Amino acid sequence: MTSSSKTTPEATSELPEDVAALGFEEAFQALEDAVAQLETGELPLEESLALYERGVALSERCNRLLTAAELRIRKVDGEGQDAGELEL
Amino acid sequence: MQIYTVCDLTTYVKALFDGDPELVDVWVQGEASNCRPAASGHWYWTLKDEEASLRCVMWRSQAAAQECLPEDGGAFLLHGSVSVYPAQGQYQLYVDHVEPVGVGDLYRQFEALKAKLEAEGLFDPERKRLLPAYPERIGIVTSTEAVALRDVCHVLARRWPSAEVSVAPTLVQGEGAPEMIVAALDAIGGAGVDVVILTRGGGSLEDLWAFNDERVARAIASCPVPVVAGVGHETDFTIADFVADTRAPTPSAAAELATPDAWELAQNVDELRERLGRQMRSQLETAVQELAYARRRLTRASPARTVAEGETALVNLGGRLQRSLVSRLRLARADLEGQRRRLAALSPPATLARGYAHVSRRRDGHPVRSTADVVAGEGIDVRVTDGGFGAVVEGQANLFPLEEDE
């Protein structure tokens, strides 16, 4: 496995679990969908509020992915296995 | 023992070259590479064959006189003199004549392989895979020693820091480099990355040669994920560039092409969030307005209003009823009083009190209403208000009957 845990514990606090597990592409797409759906103005208020809250969480998730503290670089050996951190 | 300065020794060696009759007038043939004019207009390049290489220089004035100038990969016959350039301690050929001798070997190999792979369809635009827009895992195949890796990682850290970067180290030039590049591509292809950056920095045609290897080309073509090739400089084209899904002019450019710009995306995210908030606010405002409107309608439609109106009407009616009853009563009472008075006025005692008298015949008590009821000499009883007395009828009195008032 090359994938280590994608996010630090602080970064996942507050966010709903399913949102915190999303990659940027899914989170961004979901955010766009939420905005588009909200903008139709056809949803009952209660559903709109739920959608709004989810949209805020999604945008937060996107922001965290975009401002990750530092690039993590790992070495891969001949079998494509993780061979540890790489110092540049 | 004589001790030379570097300068003195170099001058001595240079004198040996310059005094050699063979070296001052020499023809030499080989493959040119790294051919480019300097800003000064002088030309510098390397002439080489399988075993050796020779630095060449041609002054601007000489270059201007040539019908043909050296090109990378081309084979050329050169004439000039061999001497030493003291400042760099290098011997080089000072060229005064350039002739092409057909296509150079490396260049021919390159063209042959390019034609072959092209015929196989390895360069077809339809084969090119789109790079993932938001790669979560990025693989890099390069030398861990090279500046190229630092350049690439620098760009990745700036543009797309959330990516997981896996590096498959390999030699990128020299003996064994093609085999290692193939192995590294296989390894990274199996490491679950979304995109592979195959890169190395600039170098001579020979330095980049591993990227013109058929095995490398086929490894790129069979890589399970899209490959971005960033080999050498803008002007360098290798077979790897042609077969890769995307060709980048430099290592940094390869990293840029492989990733989105986080800052740009952050703006998009901010804008979406702004729209989200705006939409929610407007929906809430609408809801509040609708509520207010509904409340007004409710108030208007409320039975309380009807009841209040009814009550008012009822009170009015009650008032009218009362007033009409009172006046009716008053009238009735006044009427009654009148009647009572009239009645009282007609009562026998009142009539007697006003001076009238009641006369009846003594013989039978019959009331006397007419002159015909009595005869002269007959006894009558006269009743007045405080008693009565008897009298005798004398005869007719000189009185006329009273007429009824109209």
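The following refers to the structure shown. Predicted, not measured: the structure shown is a model, and the values here were computed from it. Here, residues in each chain are numbered from 1, in the same order as that chain's written sequence. Following the order in which they are written, the chains are lettered starting with A and the ligands numbered starting with 1. For a predicted model such as this one, the threshold for reporting local features is a pLDDT of at least 70, and the threshold for listing and counting side-chain atom pairs is 80 or more; totals across whole chains, interfaces and linings nevertheless cover every residue. By convention in this description, side-chain values take in all heavy atoms of the structure and omit both hydrogens and water.

**Some words on helix α8 (residues 251-258) of chain B**
Piece 1. Using a 1.4 Å probe on the protein chains alone, a residue whose accessible area is under 20% of its type maximum counts as buried, one over 50% counts as exposed, and one in between counts as partly exposed. Each helix is a run of DSSP H or I of at least 4 residues and each strand a run of E of at least 2, with the numbering of both proceeding from the N terminus. Taken together, the buried positions of α8 of chain B are occupied by P251, A253, A254, A255 and A258 of chain B.
Piece 2. Only heavy atoms matter for contacts: two residues are in contact if any of them lie within 4.5 Å across the pair. Of the surrounding elements, those touching the buried residues of α8 of chain B are α4 (147-159), β8 (195-200), β9 (227-231) and β10 (246-248) of chain B.

**So, a positive patch on the surface**
All names here are of chain B.
Piece 1. A surface patch of like charges, here positive, comprises R296, R297, R300 and R305.
Piece 2. Examining the composition of the positive patch, we find that three residues originate from one element, helix α9 (residues 262-301), more than from any other.
Piece 3. In this fold, R297 is placed in helix α9. Each patch is assembled from residues with relative accessible area greater than 30% and no salt bridge, linking like charges that lie within 9 Å and nonpolar side chains (Val, Leu, Ile, Met, Phe, Trp, Tyr) that lie within 5 Å. Residue exposure ignores everything except the shown protein chains as possible cover, and the areas themselves are Shrake-Rupley values with a 1.4 Å probe. What counts as a salt bridge is simple: a side-chain nitrogen of Lys or Arg found within 4 Å of a carboxyl oxygen of Asp or Glu. The charge count includes Lys and Arg as positive and Asp and Glu as negative, but it does not include His or the ends of the chains. Charge coordinates come from a single atom per side chain, which is NZ of Lys, CZ of Arg, CG of Asp or CD of Glu.

**Notes on the interface of chain A and chain B**
Piece 1. Between chain A and chain B, the contact holds 43 residues from the first and 37 residues from the second.
Piece 2. Summed over both partners, the accessible area lost on bringing two parts together, with a 1.4 Å probe, is the buried area. Among the residues of chain A in contact with chain B, L66, L71 and L88 of chain A are the three that bury the most area, contributing 17% of the side total.
Piece 3. Along the contact surface separating chain A from chain B lie two salt bridges.
Piece 4. R273 of chain B is the partner of E60 of chain A in a salt bridge, and the nearest nitrogen-oxygen pair spans 3.5 Å.
Piece 5. Whenever a nitrogen or oxygen atom comes within 3.5 Å of another N or O atom, the pair is scored as a polar contact, on the condition that within protein one atom can donate a hydrogen and the other can accept it, and that pairs from neighbouring residues in sequence are kept only if both atoms are in side chains. On the surface where chain A and chain B come into contact, there are ten residue pairs in polar contact (both at pLDDT 80 or more).
Piece 6. Relative to strand β7 (residues 164-169) of chain B, strand β1 (residues 72-76) of chain A is paired through four bridges, and the arrangement is parallel. Bridging from a neighbouring strand, R74 of chain A pairs with S166 of chain B of β7 of chain B. Criterion used throughout: strands pair if DSSP finds at least two bridges between them.

**Describing the pairing of strand β3 (residues 53-58) of chain B**
Walk down a regular strand and you will see the side chains alternate between the two sheet faces.
Residue and element names in this part refer to chain B.
Piece 1. Examined bridge by bridge, strand β2 (residues 43-48) and β3 share six bridges and lie antiparallel to one another. What sits directly across from W45, in β3, is C56.
Piece 2. In this antiparallel pair of consecutive strands, β2 and β3, the connection spans four residues.
Piece 3. Judged from the two bridges that link them, β3 and strand β5 (residues 90-100) form a sheet pairing that is parallel. Following the sheet pairing, C56 is matched in β5 by L93.

**Topic: α9 of chain B**
Piece 1. Working rule for helices: expected span equals 1.5 Å times residues minus one. Here α9 of chain B spans 57 Å end to end across 40 residues, near enough to the 58 Å set by a 1.5 Å rise per residue.
Piece 2. Regarding α9 of chain B, the residues found buried are A262, L265, A266, V269, L272, L276, G277, Q279, M280 and Q283 of chain B.
Piece 3. On the buried face of α9 of chain B, the contacting elements are α3 (24-39) and α4 (45-66) of chain A together with α4 of chain B.
Piece 4. Among the residues of α9 of chain B, the N-terminal cap falls to D261 of chain B, whose side-chain oxygen and the backbone nitrogen of W263 of chain B are separated by 3.0 Å.

**Thoughts on unusual backbone geometry**
Residues and elements named next belong to chain B.
Piece 1. A positive phi angle is found at N34, which is not glycine, with a value near 55 degrees.
Piece 2. For N34, the location among the structural elements is in strand β1 (residues 26-37).
Piece 3. Residue class for N34 comes out partly exposed when judged on its relative accessible area of 24%.

**Overview of the sheet that holds strand β11 (residues 358-361) of chain B**
Sheets are built from strands paired through backbone hydrogen bonds, the pairs being either parallel or antiparallel.
All names here are of chain B.
Piece 1. The sheet built from three strands is open, its strands ordered β11-β12-β13 with antiparallel pairing. Two strands bound the open sheet, and with one partner strand each, they are β11 and β13 (387-392). The mean angle between the axes of side-by-side strands here comes to 25 degrees, regardless of whether they run parallel or antiparallel.
Piece 2. Two elements, strand β12 (residues 379-384) and β13, share six bridges in a ladder whose sense is antiparallel. The residue of β13 that forms the bridge with D381 is G390. Orientation is described by lines fitted to C-alpha atoms, with helices fitted over the stretch in contact, and by angles between N-to-C directions that extend from 0 to 180 degrees.

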